[in-house]
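Letter by letter, the chains look like this.
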Amino acid sequence: MVTARRKKIALAIAALADAIQIGLFPAFAEGALSIPDDALDAIVALALLVTLGWRWRLVGALALELVPGVALFPSWTLFVATLPAEVPLIPGVVDAGPG
């Protein structure tokens, strides 16, 4: 699990990357054949790796980004949004667990 703060930072990185890819679609449409797309994906993957630590989902998101035309789908944002975040405990409240 990641802290809520790290998840917010990672979500901002991912959303910005997806917005750039969608906004500049002609430059990113070719997937792995596009040098700007490869550069952006490498930078985003590295930034998310530093922010979140190693996650197998990161490999899946990077592989998905290399498919031509997938840049229109916000896969970086989806990757970060599906990560569980730690929920801070509220003093005085006892967690009864699941169920």
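Before any of the text, the structure's been laid out above.
All residue numbers refer to position in the chain's written sequence, counted from 1. In view of the model being predicted, local features appear only for residues whose pLDDT reaches at least 70, and side-chain atom pairs are presented and counted only at 80 or more, with totals across whole chains, interfaces and linings using the full set of residues. The side-chain quantities take in all heavy atoms of the structure and omit both hydrogens and water.

(A) Quick peek at the packing of aromatic side chains. Note on aromatic pairs: the rings of Phe, Tyr and Trp (six-membered ring only in Trp) are paired at centre separations within 6.5 Å, and the planes decide the class, stacked below 30 degrees, edge-to-face beyond 60, tilted for the rest. Enumeration over the complete set of coordinates arrives at one aromatic pair. Taken together, a centroid distance of 5.3 Å and an interplanar angle of 80° make the contact between W54 and W56 edge-to-face.

(B) Here's a closer look at helix α4 (residues 56-65). Buried residues of α4: L58, A61 and E65, and no others. All buried residues of α4 project into a common sector of 65° when viewed along the axis, lining one side. Residue contacts are defined here by distance: any two heavy atoms, one from each residue, within 4.5 Å place the two residues in contact. By definition, any uninterrupted DSSP run of H or I lasting at least four residues is a helix, any uninterrupted run of E lasting at least two residues is a strand, and each is numbered from the N terminus. Residues of α4 that are buried sit in contact with α1 (4-23), α3 (35-52) and α5 (75-81). Three labels apply to residues, based on accessible area from a 1.4 Å probe with only protein chains included: buried if under 20% of the type maximum, exposed if over 50%, partly exposed otherwise in between. Starting at the helix axis, one direction is taken to each C-beta atom, and the arc is that of these directions.

(C) A nonpolar patch on the surface, seen in detail. Patch construction takes residues with relative accessible area above 30% that form no salt bridge. Like charges are linked within 9 Å, and nonpolar side chains (Val, Leu, Ile, Met, Phe, Trp, Tyr) are linked within 5 Å. All accessible-area figures derive from a Shrake-Rupley calculation using a 1.4 Å probe, and residue coverage is judged against the displayed protein chains alone. A pairing counts as a salt bridge when a side-chain nitrogen of Lys or Arg comes within 4 Å of a carboxyl oxygen of Asp or Glu. A cluster of nonpolar side chains, L46, L49, V50, W54, W56 and V59, forms an exposed patch at the surface whose accessible area comes to about 670 Å². Of all the elements in the fold, those that place two or more residues in the nonpolar patch are α3 and α4. In terms of residue count, the dominant contributor to the nonpolar patch is α3 (three residues). With respect to the helices, strands and loops of the structure, W56 is situated in helix α4.

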